[in-house]
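# An overview of the molecular structure
Here's the letter readout for the chains.
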Amino acid sequence: MRILTVVGARPQFVKAAPVSRALRVEHDEILVHTGQHYDDAMSASFFRDLEIPAPEVNLDVGSGTHGVMTGEMIRRLEPVMLDHAPDGVLVYGDTNTTLAAVVVASKLAYPDGRRPWLAHVEAGLRSFNPRMPEERNRIVADHLAEILLAPTGTAMANLAREGRGDHAELVGDVMVDAHAWAAERSQDRLPAAARGLDRFLLLTMHRAENVDDPARFAAILRGMDMDLPVVFPVHPRTRAVLAAGVGVLPSNVVPIAPVGYLEMVALEARAHAIATDSGGVQKEAYLSGVPCITLRSETEWVETVDAGWNRVVDADPVAVSAALADNIFMSRDRPRPALYGDGRTADRIVAALERHHQRIGAPRTPQQATAS
Ligand code: UD1
Ligand code: UDP
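Here is a short report on the structure shown in this document. Numbers given for residues are sequential positions, taken from 1 along each chain in its written order. Here chains are named by letter from A upward and ligands by number from 1 upward, in the order in which they appear as written. For this predicted model, a pLDDT threshold of at least 70 governs which residues receive local features, and a threshold of 80 or more governs which side-chain atom pairs are given and counted, while totals over whole chains, interfaces and linings are taken from all residues. Heavy atoms throughout the structure, all of them, feed into the side-chain values; hydrogens and water do not.

## Here we look at the sheet that holds strand β8 (residues 201-204)
We call two strands paired when DSSP finds no fewer than two bridges between them. By the criteria applied, helices consist of DSSP H or I runs no shorter than four residues and strands consist of E runs no shorter than two, each listed in order from the N terminus. Across the sheet, which stays open at both edges, the six strands sit in the order β10-β9-β8-β11-β12-β13 with parallel pairing between neighbours. What marks the edges here is a single partner per strand, and that holds for β10 (253-256) and β13 (310-312). Neighbour to neighbour, the strand axes of the sheet diverge by 20 degrees on average, direction disregarded. Should any heavy atoms of two residues lie within 4.5 Å, those residues are counted as being in contact. Interaxial angle, 0 to 180 degrees, is taken between N-to-C directions of lines fitted to C-alpha atoms, where a helix line uses only the stretch in contact. Of the strands in this sheet, β8, β11 (273-276), β12 (292-294) and β13 touch helix α12 (residues 279-288), which is tilted by about 165 degrees from β11.

Rendered as structure tokens:
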């Protein structure tokens, strides 16, 4: 098979790394980077840490409004896909990069009328919060892709409810594969800011609904004012808001630049607790056996909450201190079943693509595509 993979934002590099490794054993992969994230600490450092091959193409779109960014990606992706004429296109998650890639791939037609199939990794996640841009992106992806690779039973049920169950396959979460790979290599990678600290809370925050809302942003920062150092790798969106003078960091909060993936896994493993609005970090907290406080009004990763390892506190400072003071929540003395698979999800994804490819054959005609 010849697969064209489209990535562009930090969490997509983490998810693509194990799949890329598994795919390249027997197949050709063309890796396209949209350039949505471009700082070394948001992009190149992940390619180094996770040993991802350099992208064949970088579209260099950079930052912008949703429309400008997505539009530029669409415009620049189409000729690249036509030029490489892959059998299939592979996309990850729910960013604007995902949206642009599914829009282009799902309408692509080669000069002879054939077209590639389209696969979505991390299909079926729903927050049921329509204000999140990611919710819109993932719904579009799940309704345009014909291979839906779901991480959990909850995601499978969401897809079935939307009439997409026939396209869905439960493969587990590929972030488990990435985390296991990194955990073996991250022992001596603890960032300087956390070395020598007996106990610390790890904070990440970058969601538009938190960072771009001054009242929520201020409330979350107030909740970080505690008797514990808070190590805070600051996402560039958040850095820009702080630089503009919105929000005040309490004196116990230690802001640092975004860290590489191996540093992040080392920080997560040693944290007393993790406070985050990130999707990936909630799962990594669970995989590390560290209690997680989720700074959102809901989560897609409901299994971690049901298992007692994650508490959704919204932007409420009182709920943060209550969680940290709750000895049962903080005790870590509870089961941690393999909610997200066994770390062999990448192999299952490649097998699912191979099966689909054998069934459908090389790029389909528009008539075949309509019939499926
Ligand atoms: C994006 C995704 C979000 C994902 C997050 C992962 C969308 C709609 N959002 O949010 O789902 O959780 O990535 O981190 O796709 N910037 C830099 N350098 C960079 C990248 C960004 O300075 O390398 C700054 C720019 O000012 C930019 C801002 O960060 O405007 C936001 O970046 P953007 O990619 O638009 O959204 P994220 O918040 O990163
Ligand atoms: N991450 C990292 N360094 C950081 C912050 C996050 O390596 O400073 C990793 C984190 O471990 C996870 C991924 O980036 O694997 C999550 O990305 P992010 O929180 O930006 O996006 P989300 O998962 O919310 O879409």
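Let us keep going from here.
## Section: helix α11 (residues 261-270)
Residue exposure (1.4 Å probe, protein chains only): buried if accessible area is under 20% of the type maximum, exposed if over 50%, otherwise partly exposed. Taken across its 10 residues, α11 has eight buried, putting it largely inside the fold. Buried residues of α11: Tyr261, Leu262, Glu263, Met264, Val265, Ala266, Leu267 and Glu268, and no others.

## Things to note about the side chain of Arg164
Looking at the element boundaries, Arg164 is found in the loop between α6 (153-161) and β7 (168-170). Buried charge Arg164 goes without a salt bridge, the closest partner of opposite sign being Glu162 at 6.9 Å. Ignoring any residue separated from it by four or fewer positions in sequence, one finds Arg164 in contact with Asp142, His143, Ala145, Leu148 and Leu159. His residues and chain termini do not enter the charge count, which takes Lys and Arg as positive and Asp and Glu as negative. Salt-bridge detection follows one rule: a side-chain nitrogen of Lys or Arg within 4 Å of a carboxyl oxygen of Asp or Glu.

## A look at the site of ligand 1
Near is defined per residue: the residue qualifies when any heavy atom it owns lies within 4 Å of the molecule or strand. Around ligand 1 sit 19 residues, and of these His37, Asn96, Glu134, His206 and Arg237 come closest. Here an oxygen atom of ligand 1 and a side-chain polar atom of His37 are 2.7 Å apart. Within 3.5 Å is the distance limit for a polar contact, defined as a pair of N or O atoms, with the added protein rule that one can donate a hydrogen and the other accept it, and that residues adjacent in sequence qualify only through two side-chain atoms. Glu134 has a polar side-chain atom sitting 2.7 Å from an oxygen atom of ligand 1. In the complex, the protein chains occlude 87% of the 750 Å² of accessible area that ligand 1 would expose alone. Surface exposure here means Shrake-Rupley accessible area, sampled with a 1.4 Å probe, where a residue is shielded only by the protein chains that are shown.

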